[in-house]
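Now for the letters of each chain:
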Amino acid sequence: MNQLKTTLTGLCLLCIATLCYAGELRTIPAVQAIETGNGSWPVGNTVGISFPAALENEAEMLRLYLKEDFGIQAEQVPAHGTIRLILDPSFRPGKEDGYSIETEDTIRIKAASAAGIFYGIQTLRQLITRADGTCRIPRVTVRDYPAFPWRAFMLDEARAFKGKEVVKGLLDEMARLKLNVFHWHLTDDQGWRIEIKKYPELTRTGAWRDSTQLGGYRGTTFDGIRHGGYYTQEEIKEIIGYAAERHILIVPEFEMPGHESAAIASYPWLGTTGKEIKVPCRFGVQYEVMDVTSPEVRKFIEDVLDEIIALFPSPVIHIGGDEVKYDQWKASGKVQLYREQNAIETPADLQIVFTNSISHLLKQKGRRMMGWNDITGNKIHEYHSETDATAKHKLAAGTIVQFWKGDIQLVEQTARQGYDVVNSYHYMTYLDYDYKKIPLRQAYDFNPVPEGLPRELEPKILGLGCQMWGEEILSNARMYRMIFPRIAAYAESGWTLPAQKDYNAFIRALDKFATIWEAKGYAVYKPE
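1. A word on the overall build of the protein chain
No. 1: Along the protein chain, the regular secondary structure elements total 17 helices and 22 strands.
No. 2: For a compact globule of 528 residues, the expected C-alpha radius of gyration is about 24 Å, and the protein chain comes in at 25 Å, within 12% of that figure.
No. 3: If one aligns the C-alpha atoms of the protein chain with their principal axes, the spans along those axes are about 90 × 50 × 45 Å.
No. 4: Counting every position in the protein chain, which comprises 528 residues, the buried fraction comes to 57%.
No. 5: A fraction of 75% describes how many contacts in the protein chain between residues 6 or more apart in sequence connect residues 24 or more apart.
No. 6: When the accessible area of the protein chain is evaluated, it comes to approximately 22100 Å², of which 52% is carbon and sulfur surface.

2. Things to note about the packing of aromatic side chains
No. 1: For the structure on display, the rule yields 29 aromatic pairs.
No. 2: Ring centres of Tyr-199 and Tyr-267 lie 5.6 Å apart, and the angle between their planes is 80°; on these two criteria the pair is classed as edge-to-face. Of this pair, Tyr-199 sits in the loop between strand S12 (191-192) and helix H5 (201-204) while Tyr-267 sits in the loop between helix H7 (261-266) and helix H8 (295-311); the two residues are 68 residues apart in sequence, bridging distant segments of the chain. Here Tyr-199 matches Tyr-267 in class, with each residue buried.
No. 3: One aromatic cluster in this structure is built from Phe-153, Phe-161, Phe-182, Trp-184, Tyr-231 and Phe-312.
No. 4: One cation-aromatic arrangement involves Arg-125 over Tyr-65; the distance from NZ or CZ to the ring centre is 3.7 Å.

3. Some words on the pattern of salt bridges
No. 1: Under the defined criterion, the tally for this structure stands at 33 salt bridges.
No. 2: For the salt bridge of Arg-159 with Asp-188, the shortest nitrogen-to-oxygen distance reads 3.4 Å. Here Asp-188 lies in strand S11 (residues 187-188) and Arg-159 lies in the loop between strand S9 (150-156) and helix H4 (164-176), a separation of 29 residues in the sequence.
No. 3: Since its relative accessible area comes to 2%, Asp-188 is described here as buried.
No. 4: With its nearest N and O atoms 2.9 Å apart, the salt bridge here joins Asp-303 to Lys-299. On the criterion of helical spacing, the pair formed by Asp-303 and Lys-299 is a turn pair, its members being four residues apart in helix H8.
No. 5: Taken together, the shared-partner salt bridges connect Glu-102, Asp-105, Arg-108 and Arg-143 into one network.

4. Remarks on the pairing of strand S6 (residues 107-111)
No. 1: Summarising burial for S6: four of the five residues are buried, a large majority.
No. 2: Sheet topology places strand S4 (residues 83-87) next to S6; five bridges connect them, and they run parallel. Of the residues in S6, the one forming a bridge with Ile-86 is Lys-110.
No. 3: Both strand S5 (residues 99-102) and S6 contribute to a ladder of four bridges, which runs antiparallel. Across the sheet, the residue bridging to Tyr-99 is Ala-111, located in S6.
No. 4: Between the antiparallel neighbours S5 and S6 lie four residues.

5. Comments concerning the confidence of the model for the protein chain
No. 1: Of the residues in the protein chain, 95% have a pLDDT of 70 or more, and the chain-wide mean is 94.
No. 2: In the model, residues 1-23 has pLDDT below 50 throughout and makes six contacts with residues more than four positions away in sequence or in other chains.

6. Some remarks on helix H17 (residues 503-519)
No. 1: Taking 1.5 Å per residue, 17 residues should reach 24 Å; H17 reaches 24 Å between its end C-alpha atoms and fits that length.
No. 2: Its maximal kink placed at Leu-510, H17 deviates by approximately 30°.
No. 3: The complete set of buried residues in H17 reads Tyr-503, Ala-505, Phe-506, Ala-509, Leu-510, Phe-513, Ala-514 and Trp-517.
No. 4: For H17, the elements touching its buried residues are helix H3 (114-127), H4, helix H14 (440-445) and helix H16 (486-495).
No. 5: The opening residue of H17, the one whose side-chain oxygen lies 3.1 Å from the backbone nitrogen of Asn-504, is Asp-502.

What counts as what
- Residues numbered from 1 in each chain as written.
- Predicted model: local features only at pLDDT ≥ 70, side-chain atom pairs only at ≥ 80, totals over all residues.
- Heavy atoms only, no water.
- Helix = DSSP H or I, 4+ residues; strand = E, 2+ residues; numbered from the N terminus.
- Rg over C-alpha atoms; globule rule 2.2 N^0.38 Å.
- Buried < 20%, exposed > 50% of the residue type's maximum accessible area, 1.4 Å probe, protein only.
- Contact = heavy atoms within 4.5 Å.
- Areas by Shrake-Rupley, 256 points an atom, 1.4 Å probe, with all protein chains shown as cover.
- Phe/Tyr/Trp six-rings, centres within 6.5 Å; stacked < 30°, edge-to-face > 60°.
- Lys NZ or Arg CZ within 6 Å of the ring centre and 35° of its normal.
- Salt bridge = Lys/Arg side-chain N within 4 Å of Asp/Glu carboxyl O.
- Pairing = 2+ DSSP bridges.
- pLDDT = per-residue confidence, 0-100.
- Expected span 1.5 Å × (residues − 1).
- Bend = angle between axes of the 7 residues up to and from the residue.
- Polar contact = N/O pair within 3.5 Å; in protein donor to acceptor, adjacent residues only side chain to side chain.

See the structure below:
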């Protein structure tokens, strides 16, 4: 009996020690499963990496991280390296892009895909520690995979142009957190940020505004400073390549038919009225919208999409489609005649007919359309009447709907109609909302799958997006403070299964991230 009691006591102490050790190893995002072994072992200041030719990029990124993070020099060795990257197409630890790490005597990262290897490398960066000039790796076995395939961060540069070095820095932190989609909001009312060679006025005129409203769209003052900038196509290619090395897909957003004032200021014939306007200095929803009945406007859209598609390898093109005010369409005799001739009953139907034509165009070019959930034709805005916002036409099949506004039940309705959904509900995911409106805990608790969604519809939820809108991030310091640390919370919501999430453990692990971010010069919000 005493021997049994002693054995049980020893097992309890071992379990407690294991749990405590696992707690020290907490990563962000948390892994799906980790088993700890006996202690740790030292990693030398020089290590060999063995890998197949197909993983040259991942090995190069690992070399970069080891040097930057720990001062470890790494070189390729034919076999039996201290670190071994193993590509095994039959390996399936969970969902796609899963991986395993074993560190008993060497460090072995195994996955069926290069992306899985890369995610394993990100976890390894968090497992290695350095103290007193010595790097150590704990003896662990990790089995991990992403809960959702779409884990996105959006940057709105139409309102506040940041430039490629800022974007690259954000891509680095996305990679660290295993976020895999950079949603790039490049066009809007207040600025056009991408060079389109066939239409040079878009950047000559549309990329610049005379002043900027302060305090967001409710502000009453303007700074009087000319603001602008844009990316050349060569810079776009450079950033796309940088993201691809980090297994991040860049999804460009070309807004249409609303939020087009900068384009209309460049080419007035794009608008419904044809009047000359200036690039707006004021934020909020503008009235200028495209004349979607015009063949010339259609040709413009196709030309711009051709240049965008030539630049971006993304299989998905985001067309925005949000916050279209119908006033100009309703006031236009030409648009009303078009509706009568084509039996289009409401402005919402007109937008869906237009949107579906873009979907068809993109499909012909081998791409898939994505848009904000306004494109479904449901009434979600107070400035639309029930009549105007009621649509009989159905959105084209295959569209990805990014849900941001409206009754949360619309997610279920959209999924039930067969559409894939990215959940970006604004009360949960907007990084421009302050920490009173979306505290860190609220961001962490966000589940892309709405509560009560029938199980059979869960596969229609691709994942989440967190959005950094630009109206109130004119300074980089403010932008970083709004992003960090909430981006880490969203990363865990997108990667880690709910059963493996633990907010208190997340907060403890966040200290290391805050130190890294501050060392990079990023302003970081400190939760109370």
